[in-house]
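Each chain, letter by letter, is given below.
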Amino acid sequence: MTINKSLLTGSTTMLILKLLDDQDMYGYQMIEELAKRSDHTFSLKAGTLYPLLHTLEDQGMVRSYERNADNARVRKYYSLTKKGDEMLAEQKQEWKTYISAVNQVLQGGVNFA
């Protein structure tokens, strides 16, 4: 089953912040890890990811640094800041509230019995 792309749009920031909450990563690594963890349900393109990372960096949610990879190639890694960690916590709580409300509607409303 294919997931409507608009559902991913609203949660992309939260998913990227969560990846960086677990460990520092470079862009392609984030794309691969997100696909792996979601059983390939989420497939980000570089053209979507990098503008988002630049925005998050401008907002102080992530920071970047360069590090040599095994093959002497320099890669740009991203790490979560304290501000990004706080934003992730807020977004996770909003997501839980949203999912709960959607499930209540899908199940026909709240049962007070």
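Please refer to the structure placed before this passage.
Figured I'd write up the structure that's included with this text. (Residues numbered from 1 in each chain as written. Predicted model: local features only at pLDDT ≥ 70, side-chain atom pairs only at ≥ 80, totals over all residues. Heavy atoms only, no water.)

### Focus on the side chain of T12
- Residue placement: T12 occurs in helix α2 (residues 12-22).
- According to the relative accessible area criterion, T12 is buried, its value standing at 8%.
- Discounting chain neighbours no more than four positions away, the residues touching T12 are L44 and L52. (Helix = DSSP H or I, 4+ residues; strand = E, 2+ residues; numbered from the N terminus. Buried < 20%, exposed > 50% of the residue type's maximum accessible area, 1.4 Å probe, protein only. Contact = heavy atoms within 4.5 Å.)

### Describing the packing of helix α3 (residues 27-37) against helix α4 (residues 46-58)
- Contact geometry of α3 with α4 gives a least axis separation of 10 Å together with a crossing angle of 120°. By the criterion of interaxial angle, the relationship of α3 to α4 is oblique. Here α3 and α4 pass one another in a crossing that is right-handed. Counted together, G27, Y28, M30 and I31 of α3 and A46, L49, Y50 and L53 of α4 form the full contact between these two elements.
- When grouped by side-chain class, the residues that make up the contact of α3 with α4 number seven nonpolar, one polar and no charged. (Axes fitted to C-alpha atoms, helices over the stretch in contact; angles between N-to-C directions. Parallel < 35°, antiparallel > 145°, perpendicular 65-115°, else oblique. Left-handed = near helix turned anticlockwise from the far one by under 90°. Nonpolar A, V, L, I, M, F, W, Y, C, P; charged D, E, K, R; others polar.)

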